[in-house]
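# Per-entry structural report
Okay, here's what each chain looks like letter by letter:
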Amino acid sequence: MHVNVSPATLSRLRTALTGRVIEPDDDGYDRARAVYYGGFDRRPAAVIRPADAADVARVIMFARDTGIELAVRGGGHSNAGHSVSEGGIVLDLRDMRAIDIDVEGRTAWAQGGLTAGGFTAAVGAHGLATGFGDTGTVGIGGITLGGGIGFLVRKHGLALDNLLAVEIVTADGELRHVDAQTHPDLFWAIRGGGGNFGVVTRLQFKLQPLESIVGGILVLPGTAEVIASFIAEADAAPEELSTIINVMPAPPMPFLPEEWHGQLILMAFMAYAGDSEAGERAIAPFRALATPLADMLQTMPYSGMFASEEEEDQTTAVARTMFIDTVDRGVADTIVEYLESSDASMRAVQLRVLGGAMARVPVDATAFAHRNSKIMVNVAAFYERLEERAIREAWVIELSGVLRQSDAGAYVNFLQDESIDRVRAAYPGETWNRLRAIKAEYDPTNLFRLNQNIPPATD
Ligand SMILES: Cc1cc2nc3c(=O)[nH]c(=O)nc-3n(C[C@H](O)[C@H](O)[C@H](O)COP(=O)(O)OP(=O)(O)OC[C@H]3O[C@@H](n4cnc5c(N)ncnc54)[C@H](O)[C@@H]3O)c2cc1C
């Protein structure tokens, strides 16, 4: 259903709001509608940047009353293009980035438009941290509501495992405080259920003491032997160590030897959340796997894991996500073979060994149900021209199919705009039924539908 609203109706909304409304004829409209990923050239009727929760509530009521499509945006990194609408309105939280840190109590309340990098830098100044993902420009709202698998996942769990409470405007326009005691059903659902239940205006996190880490980047040759051994070491490592590896052709980066440019490498992002000596001991076996092509592992503040928040170029990629149980030599051979057979300007297989604190939370404690999953895999191929898309997609789908093992789950935050089956894979079994029942209670008309959608139960 496509709904148009008249300029007069939008103008009334503009007057009612404290924040900004950017319409197609306004300066900065093209920048305001752009999202992280390319390929979503959508023209919303307006991009609205609320100043506070009251503005958020007004926009939600406006969407409800007019029926116009509502896109909710935190950091704009949706892999599925969900934070921009064609003809609808974008509720962009970027002007709501305040953070209030209780250093003694080791908690922080942050507004929904803050980025992971912004949060990490602010709490890091006090020797504290919460783990989000691997990229500083991702919004804390989007990543946390879906999960949050990052550099502290084995030591401190998912981002949502460190969430203590939220303030959320639900489809009826009410601003609610939600935690384990107040609306516990909704608190369960928002921890994994994404943006399906309302717009989170503030999030309260537990902060972990973390003066420094041993971490950074280690680059090794991308051979099958190194890949399989790396995963075995990452699995056996103390849970203070979380790793993310990308197996890919070496980009022409200045810190990589020129003769390696274009050759397969294993680029590892590693973070040991503990003291330096133990960290050095934990990373020694990885350094010994092969002569490193680059070794930038060092003791540093945790915030050093995130590049500075510069504007990034838009990338356009096809990607699939899944979990697998093991990467033995045969699996590693397949990865190398496929990566070598593709001529995409960039293609990569990303592997993240999970476990540790994330796996100790009961499967049904939150709407993130993949506690027993062992290794997350993301397969991606970039493309520059639209005509290239089909061939890149076929490669990604074929390789994902070949790599699939017994774990049928999927991580919601890495899904693209795929199919209802894939959303079901993110919410297996009883999780799906429970989410649908809670959706029916808090969003019976599915106002929040531009997302990995959980339709309200209908009985
Ligand atoms: C480069 C890149 C790196 C990534 N790395 C990781 C990683 O290491 N680990 C990981 O777990 N994930 C990672 N992700 C996935 C990321 O967690 C999701 O894309 C997430 O949804 C992005 O959140 P956002 O706020 O930036 O995106 P947006 O596009 O702004 O939001 C995505 C969706 O989240 C919902 N949403 C966002 N904010 C709110 C809010 N305040 N209230 C209600 N709903 C909201 C909306 O439904 C929205 O459509 C990465 C993504 C990218 C593009």
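Located above this text is the structure these notes cover.
Below is a summary of the structure that appears in this document. (Residues numbered from 1 in each chain as written. Predicted model: local features only at pLDDT ≥ 70, side-chain atom pairs only at ≥ 80, totals over all residues. Heavy atoms only, no water.)

## Notes on the nonpolar core
Core analysis: the largest hydrophobic core is formed by 50 residues, its most contacted members being Phe119, Ile190 and Phe197. Of all elements in the fold, only strand 6 (107-111), helix 4 (116-124), helix 5 (140-146), strand 8 (163-169), helix 7 (184-190), strand 10 (199-206), helix 13 (420-426) and helix 14 (430-442) reach the threshold of two or more residues within this core. Top element by residues in this core is helix 7. It accounts for 5 residues. Lining this core are residues from two domains, each supplying at least three of them: domain 2 (99-209 + 429-442) and domain 3 (213-414). The residues touching phenylalanine 197, leaving out its near neighbours within four places in the chain, are Ile168, Thr170, Leu186, Ala189, Ile190, Leu435, Ile438, Lys439, Phe448 and Ile454. If you look at the next biggest cluster of nonpolar residues, it comprises 47 residues, including Ile227, Leu241, Ala268 and Ala344. (Core = buried A, V, L, I, M, F, W, Y, C linked by side-chain atoms within 4.5 Å. Buried < 20%, exposed > 50% of the residue type's maximum accessible area, 1.4 Å probe, protein only. Helix = DSSP H or I, 4+ residues; strand = E, 2+ residues; numbered from the N terminus. Domains from an automatic or database assignment. Contact = heavy atoms within 4.5 Å.)

## Examining the sheet that holds strand 9 (residues 175-179)
One open sheet accounts for 5 strands, arranged 5-6-10-8-9; its pairing is antiparallel. The outermost strands of the open sheet, each flanked by one partner alone, are strand 5 (99-102) and strand 9. When the angles between neighbouring strand axes are averaged without regard to direction, this sheet yields 15°. Of the pairings in the sheet, the one linking strand 6 to strand 10 comprises 5 bridges and is antiparallel in character. Residue pairing across strands places glutamine 111 opposite arginine 202, the latter belonging to strand 10. Across the sheet, helix 4 lies against strand 5, strand 6 and strand 10, angled at about 35° from strand 5, the strand it touches most. (Pairing = 2+ DSSP bridges. Axes fitted to C-alpha atoms, helices over the stretch in contact; angles between N-to-C directions.)

## Points about the packing of helix 8 (residues 224-236) against helix 10 (residues 329-341)
At a closest axis distance of 8 Å, the pairing of helix 8 and helix 10 adopts a crossing angle of 130°. Taken together, helix 8 and helix 10 sit at an angle that is classed as oblique. Judged by the twist between their axes, the crossing of helix 8 over helix 10 is right-handed. Facing Ala224, Glu225, Ile227 and Ala228 of helix 8, the residues of helix 10 in contact are Arg329, Ala332, Asp333 and Val336. (Parallel < 35°, antiparallel > 145°, perpendicular 65-115°, else oblique. Left-handed = near helix turned anticlockwise from the far one by under 90°.)

## Section: unusual backbone geometry
In the Ramachandran plot, arginine 106 falls in the positive-phi region, its phi being about 55° despite a non-glycine side chain. With respect to the helices and strands, arginine 106 occurs in the loop between strand 5 and strand 6. On the accessibility criterion, arginine 106 (40% relative accessible area) is partly exposed. Its identity is not glycine, yet asparagine 446 carries a phi of approximately 60°, on the positive side. Examined against the element boundaries, asparagine 446 turns out to sit in the segment after helix 14. You can call asparagine 446 buried: its relative accessible area is 14%.

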